[in-house]
Amino acid sequence: MTISSDTGAQAQPKRGLRRLRGALAAALVCLSLGACAEQFQKGYILPIGALEQIPIGASQDQVLIVMGTPSTVATLSGEVFYYISQRSERPVAFMPQKVTDQRVIAVYFDKSRKVERLANYGLQDGKIFDFISRTTPTSGQEMSYLTPLFKLISFR
């Protein structure tokens, strides 16, 4: 009876094929983890075109219909509705979230509850910036209320 050495030669390609499959599976897992960038939206989501639907002089009821209930309300020299939101993302599921955008939309009312002005505050170069009037607010009652809001929503 003769024993052939062909069985050893056939086992080598099978082992190599198994290793190749394992390497491909590991590569697929790595690629899928890298492509799993997650984005998160917290707080108020601004409807498209909502700010354009609120003209100066609009009533408080019109603002509530278009924008909905505010995140918080303040009384400065009239009433102010604040709508607060934050966007963050993380590149891989186990990584910490990184804040990409923070916004506070403010609707200012006069004593007769009509819209006096609108502001869309965010951070630009580390400072609070109004993206509607393109200005940085100066210190005063308004800044004393906005600064804690941004500190509250930025938990890095």
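For the structure itself, consult the block above.
1. Quick look at the pairing of strand β4 (residues 98-109)
At step 1: The buried count for β4 comes to 9 of 12 residues, which makes it a mostly enclosed element.
At step 2: Here strand β3 (residues 79-90) pairs with β4 via 10 bridges, running antiparallel. Following the sheet pairing, Glu89 is matched in β4 by Lys98.

2. Examining the pattern of salt bridges
Working definition: two side chains of opposite charge can pair if their charged atoms are close together.
At step 1: On inspection of all chains with the given rule, the structure shows 3 salt bridges.
At step 2: One salt bridge in this structure joins Glu38 and Arg90, with 2.7 Å as the shortest N-O distance. With Glu38 in strand β1 (residues 38-43) and Arg90 in strand β3, this residue pair connects regions lying 52 residues apart in the sequence.
At step 3: Two residues, Asp101 and Arg87, come together in a salt bridge whose shortest N-O distance is 3.7 Å.

3. Some thoughts on the side chain of Gln86
At step 1: Position of Gln86 relative to the elements: it lies in strand β3.
At step 2: Within polar-contact distance, the side chain of Gln86 engages the side chain of Gln102 at 3.3 Å.

4. Concerning the nonpolar core
At step 1: Judged by nonpolar contacts, the single largest core of 14 residues is most densely connected at Ile54, Val63, Met67, Tyr83, Val107 and Val115.
At step 2: Breaking this core down by element, the ones donating at least two residues are α2 (60-67), β3, β4 and β5 (115-124).
At step 3: For this core, the element with the highest residue contribution is β4, accounting for 3 residues.
At step 4: Among residues more than four places away in sequence, those in contact with Met67 are Tyr44, Leu46, Ala50, Leu51, Ile54, Tyr83 and Ile105.
At step 5: Counting residues in each nonpolar core, the second largest holds 9 residues, with Ala74, Val80, Val104 and Ala119 among its members.

5. Here we look at the side chain of Gln102
At step 1: Here Gln102 lies in strand β4.
At step 2: Gln102 gets classed as buried once you look at its relative accessible area, which sits at 3%.

6. As for the environment of Pro70
At step 1: Take Pro70: it is sitting in the loop between α2 and β2 (72-75).
At step 2: Taking the relative accessible area as the measure of exposure, Pro70 reaches 15% and is therefore buried.
At step 3: In this structure, the C-alpha to C-alpha distance between Pro70 and Tyr82, residues 12 residues apart in sequence, is 5.6 Å.
At step 4: Excluding residues within four positions of it along the chain, Pro70 makes contact with Leu64, Phe81, Tyr82 and Tyr83.

Conventions used here
Residues numbered from 1 in each chain as written. Predicted model: local features only at pLDDT ≥ 70, side-chain atom pairs only at ≥ 80, totals over all residues. Heavy atoms only, no water. Buried < 20%, exposed > 50% of the residue type's maximum accessible area, 1.4 Å probe, protein only. Helix = DSSP H or I, 4+ residues; strand = E, 2+ residues; numbered from the N terminus. Pairing = 2+ DSSP bridges. Salt bridge = Lys/Arg side-chain N within 4 Å of Asp/Glu carboxyl O. Polar contact = N/O pair within 3.5 Å; in protein donor to acceptor, adjacent residues only side chain to side chain. Core = buried A, V, L, I, M, F, W, Y, C linked by side-chain atoms within 4.5 Å. Contact = heavy atoms within 4.5 Å.

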